[in-house]
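Topology and contacts: notes
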Amino acid sequence: ERYDAVVVGAGVIGLACARALSLRGMRVCVIDKAESIGAETSSKNSEVLHAGMHYVPGSAKAKFCVEGRRKIVKYCEKKDVKWENIGKLIVARDESQMDALEAMITRAQMNDVDDLALLTSEQLTAYEKNVRGYAGVLSPSTSIVDVQELMESFRRDCVRDGRTTVALGDEVVEITRGLSKTFQVKTKSRRVISTPRLVNAAGLYAHRLCDRLLDVYDISVTPPPPLYFARGMYCELKKGYSAPFQRLVYPLPREGGLGVHFTRDVYDKCKFGPDIEWIDDIDYTMNPARVRSFYEAIREYWPGLQDGALRPAFTGIRPKLINEAGDTDEPGATTDFVFQTESQHGAVGLVHLFGFESPGLTSSLAVAEYVAD
Ligand SMILES: Cc1cc2nc3c(=O)[nH]c(=O)nc-3n(C[C@H](O)[C@H](O)[C@H](O)COP(=O)(O)OP(=O)(O)OC[C@H]3O[C@@H](n4cnc5c(N)ncnc54)[C@H](O)[C@@H]3O)c2cc1C
């Protein structure tokens, strides 16, 4: 079989990349080992379209998040994908957090996010009567989206003209170099696909896919960045308890994540999380003992949370390219998204995507255009 491009991974990033390549007239084959699209990280997240104030100015995360949110909003409007511009409050617990709150506003402006408003304690409670805090910030353009619907829409765009295919339930097991520098992509079901372009959008498994590239390039010359896994658990309210807020409500970001926040989806189902637990391998097991720490974290901004109201809901796993200690001395360690292309590894037509944690969903359409270009 011959295709103009193969994309490994049918998560939100892989599907967005396949869509962008298809729109450029290419015949693309997307392959995913799962039986459905977006079965891994893309269906285990907060479903928030971030405005972009949390990321280091000049970073890939800042650039693609800000561009990506605008693109997704336009896309959802055009394609009738459910999304809602509900806004978000970020709450400073006490005076000691004011410097961090103000630094966030400055960073937002540097990232071209100029709609944040600083709020007093009274203004916070005027927006959300159950919220408590010393002060806060309103981000009016932070939104939510139905990720499953978004991915389904990307998939439909891909296969619309019948040339691109999305093959599910098949795993890429080996990639070698064929004639005229094409890649030979071999799958578990014994397909062999020849292609000049290969996108590694395997998410948590992107590094493992590198191990399956045989004789494609010298991987010791350009090794992938280091990889760590940080699991995040979400909790939901038990039956009989109602959602305390309309908008998204966040504490100030913590090391490694945005803190245990309140989100709701476009169907009004609410959740709190994710927390952060560094783990050795990909393992979505929920640890009910962790629910206890949620009460303290949530009561920072919602003291009205009653004992016994929470139960574990699900977990997602962040692919981290830096360790828990934030050790930047480790070669390749970074908090940013990483793209490895021909200029890093010398293999023409090959793009690796590493470290696509948050805001990967928000960034997907902007990342896809960059990859396709
Ligand atoms: C807890 C959590 C909360 C988040 N919240 C947000 C948020 O609110 N907003 C936001 O913008 N971002 C958020 N993110 C980030 C966002 O979810 C991810 O960036 C995005 O889903 C990554 O998509 P992906 O396509 O790269 O990976 P995935 O969705 O993991 O897709 C990779 C796919 O590759 C497939 N695969 C792997 N290896 C192979 C192989 N060898 N052969 C075939 N298929 C293979 C897998 O089956 C998988 O389906 C969050 C992430 C986490 C973990």
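Higher on the page you've got the structure.
Structural notes, computed from the coordinates. The shown structure was predicted, so the numbers you read here are calculated from the model rather than taken from an experiment. (Residues numbered from 1 in each chain as written. Predicted model: local features only at pLDDT ≥ 70, side-chain atom pairs only at ≥ 80, totals over all residues. Heavy atoms only, no water.)

1. Notes on the overall build of the chain
Under the convention used in this document: Helix and strand definitions here come from DSSP, where helices need a minimum of 4 consecutive H or I residues and strands a minimum of 2 consecutive E residues; each element is numbered from the N-terminal end. What the globule rule says is 2.2 Å times the number of residues to the power 0.38, and the radius of gyration is computed from C-alpha atoms. Here a residue-residue contact requires only that any non-hydrogen atoms of the pair lie within 4.5 Å. For the area figures, the Shrake-Rupley method with a 1.4 Å probe applies, and any residue is considered shielded solely by the protein chains shown. Counted as positive: Lys and Arg. Counted as negative: Asp and Glu, with His and the chain ends omitted from the count. Positions of charges follow a simple convention, taking NZ of Lys, CZ of Arg, CG of Asp or CD of Glu.
When you go through the chain residue by residue, the secondary structure sums to 9 helices and 21 strands. Its C-alpha atoms give the chain a radius of gyration of 21 Å, near enough to 21 Å, the size a compact globule of 373 residues would have. Seen through its principal axes, the chain has C-alpha atoms that stretch 70 × 45 × 40 Å. Of the contacts formed within the chain by residues at least 6 apart in sequence, a portion of 72% connects residues at least 24 apart. Carbon and sulfur atoms make up 48% of the accessible area of the chain, which amounts to about 16300 Å² in all. If you average the places of the 47 positive and of the 51 negative side-chain charges in the chain, the two averages end up 5 Å apart.

2. Quick look at the pairing of strand E1 (residues 5-8)
The criterion, for reference: Partly exposed residues are those whose accessible area sits between 20% and 50% of the maximum for their type, while under 20% is buried and over 50% is exposed, using a 1.4 Å probe and protein chains only. Only when DSSP finds a minimum of two bridges between them are two strands counted as paired. Think of it like this: strands point away, you trace from the first strand over the helix to the second, and a clockwise trace means the crossover is right-handed.
Taking every second residue as pointing to the same face, both faces of E1 are buried, with Ala-5 and Val-7 on one and Val-6 and Val-8 on the other. Relative to strand E2 (residues 28-32), E1 runs parallel, the two being bridged by 4 bridges. Paired with Val-6 across the bridge in E2 is Cys-29. For the crossover from E1 across helix H1 (residues 12-23) to E2, the handedness is right-handed. The sheet contact formed by E1 and strand E13 (residues 198-200) spans 3 bridges and is parallel. Each bridged residue has a counterpart across the sheet, and for Val-8 the counterpart in E13 is Asn-200.

3. Quick look at the pattern of salt bridges
Using the following cut-off: Every case where a carboxyl oxygen of Asp or Glu lies within 4 Å of a side-chain nitrogen of Lys or Arg is listed as a salt bridge.
The tally for this structure, following the rule as stated, stands at 28 salt bridges. A salt bridge links Arg-311 to Glu-236, with the shortest nitrogen-to-oxygen separation between them at 2.9 Å. Residue Arg-311 is located in strand E19 (residues 310-320), and its partner Glu-236 is located in strand E14 (residues 228-237); the two are separated by 75 residues in the primary sequence. Within this structure, Arg-231, Asp-275, Glu-277, Asp-283 and Arg-290 form a network of salt bridges that share partners.

4. Concerning the sheet that holds strand E4 (residues 83-84)
In space, the 3 strands of this open sheet follow the order E3-E8-E4, with antiparallel pairing throughout. Of all the strands in the sheet, the pair left with one neighbour each is strand E3 (48-49) and E4. Pairing geometry for E4 and strand E8 (residues 143-145), over 2 bridges, is antiparallel. Residue pairing for E8: Glu-84 is matched across the bridge by Ile-144.

5. A few points about the site of the ligand
We count it as follows: Throughout, the term near means that a residue has one or more heavy atoms lying within 4 Å of the molecule or strand in question. A 3.5 Å cut-off defines polar contacts: any pair of N or O atoms within that distance qualifies, except that in protein one atom must be a possible hydrogen donor and the other a possible acceptor, and neighbouring residues in sequence count only when both atoms are side-chain atoms. By convention here, the domain bounds are inherited from an automatic or database domain assignment.
Taken together, the neighbourhood of the ligand is formed by 38 residues, with Asp-32, Ser-42, Val-48, Phe-356 and Thr-362 sitting nearest. Contact between the ligand and Asp-32: an oxygen atom at 2.6 Å from a side-chain N or O atom of the residue. Contacts to the ligand include Ser-42, whose side-chain N or O atom sits 2.5 Å from an oxygen atom. Protein contact buries 98% of the 1000 Å² of open area that the ligand shows by itself. Listing elements by their share of the shell around the ligand, those giving two or more residues are H1, E2, E19 and helix H9 (360-372). A domain-level breakdown of the shell around the ligand finds at least three residues from each of domain 1 (5-46 + 148-225 + 335-372) and domain 2 (88-140 + 228-320).

6. Overview of helix H5 (residues 147-159)
Definition in use: Residue count minus one, scaled by 1.5 Å, sets the expected span of a helix. Read the arc as the range of directions from the helix axis to the C-beta atoms.
An ideal rise of 1.5 Å per residue puts 18 Å on 13 residues; H5 measures up with 18 Å between its terminal C-alpha atoms. Here H5 has its buried residues at Val-147, Leu-150, Met-151, Ser-153, Phe-154, Asp-157 and Cys-158. All buried residues of H5 lie within an arc of 155 degrees about the axis, which places them on one face of the element. Where H5 begins, the side chain of Asp-146 points an oxygen toward the backbone nitrogen of Gln-148, at a separation of 3.1 Å.

7. Some words on the packing of aromatic side chains
Aromatic ring pairs are described here by two measures, namely the spacing of the ring centres and the angle between the planes. In plain terms, the rule: Only Phe, Tyr and Trp rings take part, Trp by its six-membered ring, and two of them pair if their centres are within 6.5 Å. Stacked means planes under 30 degrees apart, edge-to-face means over 60, and tilted covers everything else.
On inspection of all chains with the given rule, the structure shows 12 aromatic pairs. For the pair Phe-64 and Tyr-370, a centre-to-centre distance of 5.4 Å together with 55 degrees between the ring planes defines the contact as tilted. Of this pair, Phe-64 sits in helix H2 (residues 60-79) while Tyr-370 is found in helix H9, placing the two residues 306 residues apart along the sequence. Relative accessible area serves as the criterion here: at 44%, Tyr-370 is assigned to the partly exposed category. When the ring of Phe-337 is compared with that of Phe-356, the centres are 4.1 Å apart and the planes differ by 10 degrees; the resulting orientation is stacked. You can see Phe-337 sitting in the loop between E19 and strand E20 (338-340) and its partner Phe-356 sitting in the loop between strand E21 (350-354) and H9, a full 19 residues away along the chain. Judged by its relative accessible area of 4%, Phe-337 falls in the buried class. For Phe-356, a relative accessible area of 13% corresponds to the buried category. Taken together, the ring pairs connect Phe-64, Phe-337, Phe-339, Phe-356 and Tyr-370 into an aromatic cluster.

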